[in-house]
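Overview (structure and organization)
The residues making up each chain are set out below.
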Amino acid sequence: MFEVETIRFASGRRLENLNLKNAKEVLEAIQPVGDLPVFYTVEHVKGRVSLGCFKVWFSGSRALVRLHEHGEHYVTDPALLTVQADEVVFDDDTEVFTRRWSETVTRGQAQAAFSHWLATGGRLESLAWS
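A brief look at the structure comes next. (Residues numbered from 1 in each chain as written. Predicted model: local features only at pLDDT ≥ 70, side-chain atom pairs only at ≥ 80, totals over all residues. Heavy atoms only, no water.)

Description of the nonpolar core
What tends to happen in soluble globular proteins is that the nonpolar side chains get buried as a cluster. To keep things clear, this is the line we draw: Throughout this description, the term nonpolar core refers to a set of buried Ala, Val, Leu, Ile, Met, Phe, Trp, Tyr and Cys residues connected via side-chain atoms within 4.5 Å. Exposure classes here rest on a 1.4 Å probe applied to the protein chains alone. A residue is buried below 20% of its type maximum, exposed above 50%, and partly exposed in between. Helix numbering and strand numbering both begin at the N terminus, where a helix is a DSSP run of H or I of at least 4 residues and a strand a DSSP run of E of at least 2.
Counting residues in each nonpolar core, the largest one holds 25 residues, and the members touching the most others are Val-26, Val-42, Phe-54, Val-56, Val-65, Phe-114 and Trp-129. Mapped onto this core, the elements with two or more residues apiece are strand 1 (2-8), helix 1 (23-29), strand 3 (38-46), strand 4 (49-59), strand 5 (62-68) and helix 2 (107-120). For this core, the element with the most residues is helix 2, which contributes five residues. Listed in part, the nine residues of the second largest apolar core include Phe-9, Leu-64, Val-88 and Phe-97.

This is the structure we're talking about:
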């Protein structure tokens, strides 16, 4: 079972909660549109045990990814050569926050990490996980 929470911030705040049976249903339900800000939390639950919780905030062309597996893992792009001083602004359920550019990944990398986690329960090896 997957517990999915989606918060969309375009044109106000819109919350949606779903309980889905498998990874295929999750991928069909979660479709980030363009570069609109959105926050997803997907928890994989078996019985009353969490097998992991994948969180991703999308903001413009960047994303912040966090994976909880009895601890938190943040993802970065090991190939990112340019250190940018810019910060990326993200919307959360109750606040707006920023992260350094180097602490974020592209939307495509976040979506690949999410798809990989759904399919395997593991971390995408092409990204750096702390």
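Digging into the packing of aromatic side chains
Going by this rule: The rule is short: rings of Phe, Tyr and Trp, with Trp giving its six-membered ring, pair when the centres are within 6.5 Å, and they are stacked under 30 degrees, edge-to-face over 60, tilted in between. Ring-over charges, as used throughout, are those where CZ of Arg or NZ of Lys falls within 6 Å of the ring centre and within 35 degrees of the ring normal.
If you walk through the whole model with that rule in mind, you get seven aromatic pairs. A ring pair is formed by Tyr-40 and Phe-58, whose centres lie 6.1 Å apart and whose planes are at 80 degrees; its orientation type is edge-to-face. Here Tyr-40 is found in strand 3, whereas its partner Phe-58 is found in strand 4, with 18 residues between them in sequence. Classification of Tyr-40 by relative accessible area gives buried; the value is 2%. The exposure class assigned to Phe-58 is buried, which follows from its relative accessible area of 3%. Over the aromatic face of Trp-101 sits the side chain of Arg-62, whose NZ or CZ is 4.2 Å from the ring centroid.

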